[in-house]
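Spelled out, the chains give:
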Amino acid sequence: MFCRTILAALLLIAAMPAGATGVRLEPASSWQVDNSPELCRLSREYAAGDERVGLRLEQYRPGSKVDGVIITDRVVQAESMSGFRVRLGRTAPFRTPSFPLILPDGRKAMLFSFQLVKPNATSAFTWPSEAALTAIDEIEISAPGMGILVFQTRTFGRAMIEMRHCADELVRGWGFDPVQQSSLSKQAAPTTEPRKWLRPSDFSGLPPAVGQIDSLLVRLNIAATGTVTGCYVARSYSDPAVAARTCPALLKRALFTPALDAGGVPVASYWVSRVSRI
C-alpha cells in the first residue's frame, strides 16, 4: 500500500537505562549548510559525554514545515508503534509521525516532520516571524522507552533565516516567482486521491524494503491548466529503482486543479509531497 503522507512507523527507540530522565545535548559543531536544487538542509553534530547525535533540518519548499532527521544508534526497529513527540522552545510537546531510516553510509536515523508554527489549514505555507524563530532555543525529542533528548539550538533563529532565503531560491530555480507563489490565494490541489497514484504493480519485481519504509520526496510542476508538466525526486531514502519508477507512475495518474494568484487567476505552480512504499 502506498500513500503520500508519512505513515505511522513500526519502530521503537532503544530504551535508556531505568530511571534516566533524558540527555541534554550540546553543539559539537556549527550549523552546516548543504543545499541542492531540490532541498535546503542544515546539519549539526551534538554531544553529551561520549555520545554523538546528528541533527538535520530540511525544507523542500518555503513555509513552516520542516523535516528533521536524528542520526543515532538509539534507533532500532520494533513491532509496535511508539509515540514520538517534539517540543520547540518553551511550547507544549506534540506528537508527530516518524519512521526509521538507514542512511547511505549505513548509519541509523529517524525521520520526522513538524511545523514551526501551530498547524492549521494554511500554516504549512506561512513563514514564522524572526522573533518566533529566535525563541526556539532548544528542540526536545522524546519517545516511550527513550526518555528525552534535548538539543541546545541557540543560534536556531539565524540558521532558519538562512534556510528561508534558500527556500525562496529553490522556487526561483524551479522557474517560478517566489513573490507570486508566496501570495497565492489557492494552492494547486489534487483532484484524485494521491495514495491511489502509486500501485504495487508499479514496483513489481523489486525487493521489499528491509529495516525501513521506502520514502521519496517528489515535486510535481503544475501548469495553469492543472496539467502535470514535470516530476522530480527531491530526496530519496529508497532503492534507486523505486525512485526511477515513481515519476512515470505519477505523471500517468496525477490530476490537479491549478493554483490561483492573489487575484484569483490560474497560474503555474508546484506540489511537493512524500510518497512511501511499505
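Reference entry: report on the structure contained in this document. Values in this document were obtained by computation on a predicted structure and should not be read as measured data.

**Remarks on the overall build of the protein**
Working step 1: From N to C terminus, the protein includes 4 helices and 21 strands.
Working step 2: By element, 56% of the accessible surface of the protein is carried by carbon and sulfur atoms, the whole surface being about 12,700 Å².

**Considerations on unusual backbone geometry**
Working step 1: In this structure, R154 takes a positive phi of about 55° despite not being glycine.
Working step 2: Checked against the element boundaries, R154 lands in the loop between β14 (147-152) and α2 (156-173).
Working step 3: Given the relative accessible area of 48%, R154 is considered partly exposed.

**Thoughts on helix α4 (residues 240-253)**
Working step 1: For α4, which comprises 14 residues, the first-to-last C-alpha distance of 21 Å matches the rise-based estimate of 20 Å (1.5 Å per residue) to within 8%.
Working step 2: Taken together, the buried positions of α4 are V242, A243, T246, C247, A249, L250 and R253.

**Things to note about the nonpolar core**
Working step 1: Judged by nonpolar contacts, the single largest core of 42 residues is most densely connected at L57, L116, F151, F156 and M160.
Working step 2: The element best represented in this core is α2, accounting for 7 residues.
Working step 3: Apart from the residues within four sequence positions on either side, M160 is in contact with L42, L57, V66, L116, W127 and L133.

**Concerning α2**
Working step 1: Here α2 spans 25 Å end to end across 18 residues, near enough to the 26 Å set by a 1.5 Å rise per residue.
Working step 2: The set of residues buried in α2 consists of F156, G157, A159, M160, M163, C166, A167, L170 and V171. End-on view of α2: buried residues confined to an arc of 165°, all on one side of the axis. Residues of α2 that are exposed and point over 90 degrees away from its buried face: R158, H165 and G173.
Working step 3: Looking one or two residues beyond α2, the residue adopting positive phi is G175, at roughly 100°.

**Looking at the state of the cysteines**
Working step 1: Summed over all chains, the structure comprises 2 disulfides.
Working step 2: Two residues share a disulfide in this structure: C40 and C166, whose sulfurs sit 1.9 Å from each other. Taking the sign of the torsion about the S-S bond as the criterion, the disulfide between C40 and C166, at about -90°, is left-handed. Of this pair, C40 sits in strand β5 (residues 40-48) while C166 is found in helix α2, placing the two residues 126 residues apart along the sequence.
Working step 3: Under the relative-accessibility criterion, C40 is labelled buried at 0%.
Working step 4: For C166, a relative accessible area of 11% gives the class buried.
Working step 5: One disulfide bridge connects C231 with C247, the sulfur atoms lying 2.0 Å from each other. Taking the torsion about the sulfur-sulfur bond, which here is approximately -75°, the covalent link between C231 and C247 counts as left-handed. In this pair, C231 sits in strand β17 (residues 228-236) while C247 sits in helix α4, placing the two residues 16 residues apart along the sequence.
Working step 6: What makes C231 buried here is its relative accessible area of 13%.

**Re the environment of A244**
Working step 1: Among the secondary structure elements, A244 is positioned in helix α4.
Working step 2: Since its relative accessible area comes to 54%, A244 is described here as exposed.
Working step 3: With 11 residues separating them in the primary sequence, A244 and V233 have C-alpha atoms 8.8 Å apart.

**Describing the pattern of salt bridges**
Proximity of charged atoms lets side chains of opposite charge pair with each other.
Working step 1: Taken as a whole and judged by the stated rule, the model has 17 salt bridges.
Working step 2: The residue E138 makes a salt bridge to R24 at a minimum N-O spacing of 3.1 Å. With a gap of 114 residues between them, E138 in strand β13 (residues 138-143) and R24 in strand β3 (residues 23-27) connect regions that are remote in the sequence.
Working step 3: The buried category is assigned to E138, whose relative accessible area is 3%.
Working step 4: The class of R24 is exposed, set by a relative accessible area of 51%.
Working step 5: A salt bridge links E138 to R90; its shortest N-O distance comes to 3.1 Å.

**Considering the pairing of strand β12 (residues 108-115)**
Working step 1: Taking burial as the measure, the 8 residues of β12 include 7 buried ones, the bulk of the element.
Working step 2: Of the pairings in the sheet, the one linking strand β7 (residues 65-71) to β12 comprises 7 bridges and is antiparallel in character. Bridging from a neighbouring strand, I70 pairs with M110 of β12.
Working step 3: In sequence, strand β11 (residues 98-102) turns back onto β12 through a hairpin of 5 residues, with G106 there showing a positive phi of about 90°.

Calculation rules
Residues numbered from 1 in each chain as written. Predicted model: local features only at pLDDT ≥ 70, side-chain atom pairs only at ≥ 80, totals over all residues. Heavy atoms only, no water. Helix = DSSP H or I, 4+ residues; strand = E, 2+ residues; numbered from the N terminus. Areas by Shrake-Rupley, 256 points an atom, 1.4 Å probe, with all protein chains shown as cover. Buried < 20%, exposed > 50% of the residue type's maximum accessible area, 1.4 Å probe, protein only. Expected span 1.5 Å × (residues − 1). Core = buried A, V, L, I, M, F, W, Y, C linked by side-chain atoms within 4.5 Å. Contact = heavy atoms within 4.5 Å. Arc of directions from axis to C-beta. Disulfide = S-S within 2.5 Å. Salt bridge = Lys/Arg side-chain N within 4 Å of Asp/Glu carboxyl O. Pairing = 2+ DSSP bridges.

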